[in-house]
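Results of the structural survey
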Amino acid sequence: MYANSTQLSFLNIIKMDFTININNKNCKAQTGDTILEVINRNGLKVPTLCHLKDTMPTGACRMCVVEDVNSGKLITSCSFPANPGMRINTHSQRVVESRKTIIELLLSNHPDDCLYCVRNKNCELQDLSEEHHVRERRISGRKNREKLDLSSASIVRDPEKCILCGRCVTTCEDVMGVACIDFINRGNKAIIGTSFNEGLNTSSCINCGQCIMVCPTGALTEKNHFAEIQQAIEDPTKRVVVQYAPSISVSMAEELGMEAGKDINGILNAALRKVGFDNIFDSSFSADLTIMEESAELVSRIQNGGRLPLITSCCPGWVKYAEEFYPELISNLSSCKSPQQMLGAIIKSYYAEKEGLNPEDIYSVSIMPCTAKKFEAQREEMTQAGISDVDAVLTTRELTKFLKLY
Ligand code: SF4
Ligand code: SF4
Ligand code: SF4
Ligand code: FES
């Protein structure tokens, strides 16, 4: 049950300041703080895996253990409240050994796949293993033998690389309000899956990709289309075109070693041309078209007594959410395509005609900030005479990887 505003202000009134001792240093704390919050506020660091800021702690991984010097117990700092007079040691030998053992246990049934893994050099499990000097497999467990789930248009699940931290479950349920994945089974049979452990495409997943963003390992990744795009670029009979959303050119700079937030659209255009795209389109153009079309639809609905309020249909994650959870709102959604799909349709109709091309000979790639756009591109409604408006979608993160190939 959530506290109401009166209860919250009461809690604020009774919040007390006190100190706890961490590594022989007195640190300020407040009623309601976890030990981890005090540790982080004071510039200290303990490793975490299952912890997700602003969500209820689950205490699933125990990576954040610290030593409560008064009781001599090891406690999980992410879920244990700070109390006046507490004395905490974040890096006693017991603590460090305990964390190392947890990592070794996680690795005991983990595939030795780092070199082939999409998260190689960007994996929290790998980093923790390195930081804790894990140099040999001391504990050998039964390997996870779960199949890859390739059923989703947006997301690949590799349960063999899952360390059961539960971050995806919390995010899907508490942040996105979808709850299409959860823990299944118990003990060493526990896995993360959908109802009846069927493919993600059979669930109410809205393809938002937020679970990928929080997954510490390679267990959840974007479904990528690098091979198909490269094949199209190599094919002399294909006109390969690309569109990108306005946010892409400002969100890529940091990944490419430039100043964060710098707009690199000139560099990006040059890079896309260099890797072989024949024409580059700006999705801002179709974003304007979408606004014009939606405005016209709003005026028409107001004048003709149509269903109101009119709700935008630009976000395919939101459209799927409405379809799954609020079907009664579907007729409130605008009938307009999203900017990605509008530009895709224009490219395969107006542009194809202008250039004297058969739409089948155009391979249209879209670069978007969200995995739900992959799902949208393959929806049946987004095809004309069996030809997709958009053939492949890359996320910003994938585009950076794609460009690094060249
Ligand atoms: S998830 Fe991390 S530890 Fe596991 S194979 Fe991939 S890179 Fe290696
Ligand atoms: S993509 Fe979104 S809806 Fe689907 S499982 Fe992940 S968090 Fe849940
Ligand atoms: S899929 Fe990723 S986020 Fe979800 S429990 Fe497994 S490791 Fe954690
Ligand atoms: S981070 Fe604290 S128990 Fe997992």
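Let us look at the structure shown here. (Residues numbered from 1 in each chain as written. Chains lettered and ligands numbered in written order. Predicted model: local features only at pLDDT ≥ 70, side-chain atom pairs only at ≥ 80, totals over all residues. Heavy atoms only, no water.)

Further remarks concern the site of ligand 1. Around ligand 1, the structure places H110, D113, C114, C117, R119, N120, C123, Q126, T217 and G218. Split by residue class, the shell around ligand 1 holds three nonpolar, five polar and two charged. (Near = heavy atom within 4 Å. Nonpolar A, V, L, I, M, F, W, Y, C, P; charged D, E, K, R; others polar.)

With that out of the way, let us pick up the packing of helix 10 (residues 283–304) against helix 12 (residues 339–355). Look at helix 10 against helix 12: their axes get within 8 Å of each other, and the N-to-C directions meet at 105 degrees. With respect to helix 12, the axis of helix 10 lies roughly perpendicular. Facing S283, F285, S286, A287, L289, T290 and E293 of helix 10, the residues of helix 12 in contact are P339, M342, L343 and I346. (Axes fitted to C-alpha atoms, helices over the stretch in contact; angles between N-to-C directions. Helix = DSSP H or I, 4+ residues; strand = E, 2+ residues; numbered from the N terminus. Parallel < 35°, antiparallel > 145°, perpendicular 65-115°, else oblique. Contact = heavy atoms within 4.5 Å.)

By the definition in use, this model includes 19 salt bridges. The shortest N-O distance in the salt bridge between E130 and R135 comes to 3.6 Å. Given a relative accessible area of 48%, E130 falls into the partly exposed group. With a relative accessible area of 58%, R135 lands in the exposed category. (Salt bridge = Lys/Arg side-chain N within 4 Å of Asp/Glu carboxyl O. Buried < 20%, exposed > 50% of the residue type's maximum accessible area, 1.4 Å probe, protein only.)

What follows is about the packing of helix 7 (residues 226–234) against helix 14 (residues 396–404). Running from amino to carboxyl end, helix 7 crosses helix 14 at an angle of 50 degrees, the nearest separation of the two axes being 12 Å. The angle between helix 7 and helix 14 places the two elements in the oblique class. For the crossing formed where helix 7 meets helix 14, the hand is right-handed. Every residue of helix 14 that contacts helix 7 at F226, I229, Q230 and I233 is listed here: E398, K401 and F402. Within the contact of helix 7 with helix 14, the residues separate by chemical class into four nonpolar, one polar and two charged. (Left-handed = near helix turned anticlockwise from the far one by under 90°.)

Attention now goes to unusual backbone geometry. In this model, L308 is joined to P309 through a cis peptide bond whose omega is 0 degrees. Within the element layout of this structure, P309 appears in the loop between helix 10 and helix 11 (316–325). For N23, which is not glycine, the phi dihedral falls at a positive 50 degrees. In this fold, N23 is placed in the loop between strand 1 (17–22) and strand 2 (25–30). A positive phi is found at H133, a non-glycine position, where the angle reads about 55 degrees. When you line up the elements, H133 lands in the loop between helix 4 (124–131) and strand 6 (155–157).

So, about the site of ligand 2. Residues in close proximity to ligand 2 include I155, C172, V178, C180, I181, C205, I206, N207, C208, G209 and C211, which together make up its full environment. When its residues are assigned to classes, the shell around ligand 2 shows nine nonpolar, two polar and no charged.

Turning to a nonpolar patch on the surface, a few remarks are in order. Together, L298, I302 and L308 make up an exposed nonpolar region whose accessible area comes to about 260 Å². In this structure, L308 sits in the loop between helix 10 and helix 11. For L308, a relative accessible area of 41% corresponds to the partly exposed category. (Patch = residues over 30% accessible without salt bridge, like charges linked within 9 Å, V, L, I, M, F, W, Y side chains within 5 Å. Areas by Shrake-Rupley, 256 points an atom, 1.4 Å probe, with all protein chains shown as cover.)

Glancing now at the sheet that holds strand 4 (residues 73–76). Taken in spatial order, the five strands make up an open sheet running 2-1-5-3-4, and their pairing is mixed. The two strands at the open ends of the sheet, each matched to only one other strand, are strand 2 and strand 4. For this sheet, the mean angle separating the axes of adjacent strands, direction not counted, is 40 degrees. Against the sheet, helix 3 (residues 93–108) contacts strand 3 (65–68), strand 4 and strand 5 (87–89), and its axis sits at roughly 155 degrees relative to strand 3. (Pairing = 2+ DSSP bridges.)

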